[in-house]
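Listed here are the chains, written in short residue letters.
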Amino acid sequence: MAPQKSIRLPPLQKLRVREPNKAETNPCIMVMSQVLACWASTGFNTAGCATVEQSLRACMDKPRAPPKPNNSINYHLSRFSERLTQKPSKKK
């Protein structure tokens, strides 16, 4: 059995992973939009929207989760890119 030739990949300009850190959505956005819709429909009358306002206050008063640490994959790829890619040889 003959050995297979290795596949040669084209040189890359940069090694980078797209969006390793996705921003999380705020769970209170939906409740806030409900409050604004209620105010718009009742003519900014607070008496008709009291229950929705209370749910918004409850949502805003919840303790926030601690922030997640940033993903450092792009930092490490940039550090090791010199070792992974071949530099073009200079011909004299």
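One can find the structure itself at the top, above this paragraph.
Parameters at a glance
Residues numbered from 1 in each chain as written. Predicted model: local features only at pLDDT ≥ 70, side-chain atom pairs only at ≥ 80, totals over all residues. Heavy atoms only, no water. Helix = DSSP H or I, 4+ residues; strand = E, 2+ residues; numbered from the N terminus. Buried < 20%, exposed > 50% of the residue type's maximum accessible area, 1.4 Å probe, protein only. Contact = heavy atoms within 4.5 Å. Areas by Shrake-Rupley, 256 points an atom, 1.4 Å probe, with all protein chains shown as cover. Disulfide = S-S within 2.5 Å. Expected span 1.5 Å × (residues − 1). Arc of directions from axis to C-beta. Lys, Arg positive; Asp, Glu negative; His and termini not counted. Salt bridge = Lys/Arg side-chain N within 4 Å of Asp/Glu carboxyl O.

Participant: Which residues make up the overall build of the chain, and what are the values?
Facilitator: A tally of regular secondary structure across the chain gives three helices and zero strands. Walking the chain from its N terminus toward its C terminus, one meets helices and strands in the order α-α-α. Burial statistics for the chain: of 92 residues in total, 11% are counted as buried. Long-range pairs, those at least 24 residues apart, make up 65% of the contacts in the chain between residues at least 6 apart in sequence. As presented, the chain carries roughly 9400 Å² of accessible surface, and 57% of it is formed by carbon and sulfur atoms.

Participant: Go over the state of the cysteines, please, and point to the residues and values.
Facilitator: One pass over the full model with this rule turns up two disulfides. Across a sulfur-sulfur distance of 2.0 Å, Cys-28 and Cys-59 are joined as a disulfide pair. On the sign convention where negative is left-handed, the bridge of Cys-28 and Cys-59, at about -100° about the S-S bond, is left-handed. Remark: Cys-59 occurs in helix H2 (residues 50-61) and Cys-28 occurs in the segment before helix H1 (29-42); sequence separation between them is 31 residues. Classification of Cys-28 as buried rests on a relative accessible area of 7%. Classification of Cys-59 by relative accessible area gives buried; the value is 11%. In this model Cys-38 forms its disulfide with Cys-49; the gap between the sulfur atoms is 1.9 Å. Measuring handedness by torsion sign, the sulfur bridge of Cys-38 and Cys-49 sits at about -95° and is left-handed. Note that Cys-38 is positioned in helix H1 and Cys-49 in the loop between H1 and H2, a separation of eleven residues in sequence. Each member of the pair Cys-38 and Cys-49 is classed as buried.

Participant: Report on H2, specifying residues and quantitative values.
Facilitator: The end-to-end C-alpha distance of H2, which contains twelve residues, comes to 16 Å, matching closely the 16 Å that a straight helix rising 1.5 Å per residue would cover. The set of residues buried in H2 consists of Val-52, Glu-53, Leu-56 and Cys-59. Projected onto a plane normal to the axis of H2, the buried residues spread over an arc of 120° and lie on a single side. Away from the buried face of H2 by more than 90 degrees, exposed residues Thr-51 and Asp-61 are located. Tucked into the core, H2 has its buried residues touching H1.

Participant: Give a detailed account of the side chain of Glu-53, specifying residues and quantitative values.
Facilitator: With respect to the helices and strands, the residue Glu-53 is situated in helix H2. Buried within the structure, Glu-53 lacks any salt-bridge partner; Arg-57 is the closest side chain of opposite charge, at an N-O distance of 4.3 Å. If we ignore the near neighbours within four places in the chain, the residues touching Glu-53 are Val-35, Trp-39 and Thr-46.

Treat this as a map of the structure, not an account of what it does.
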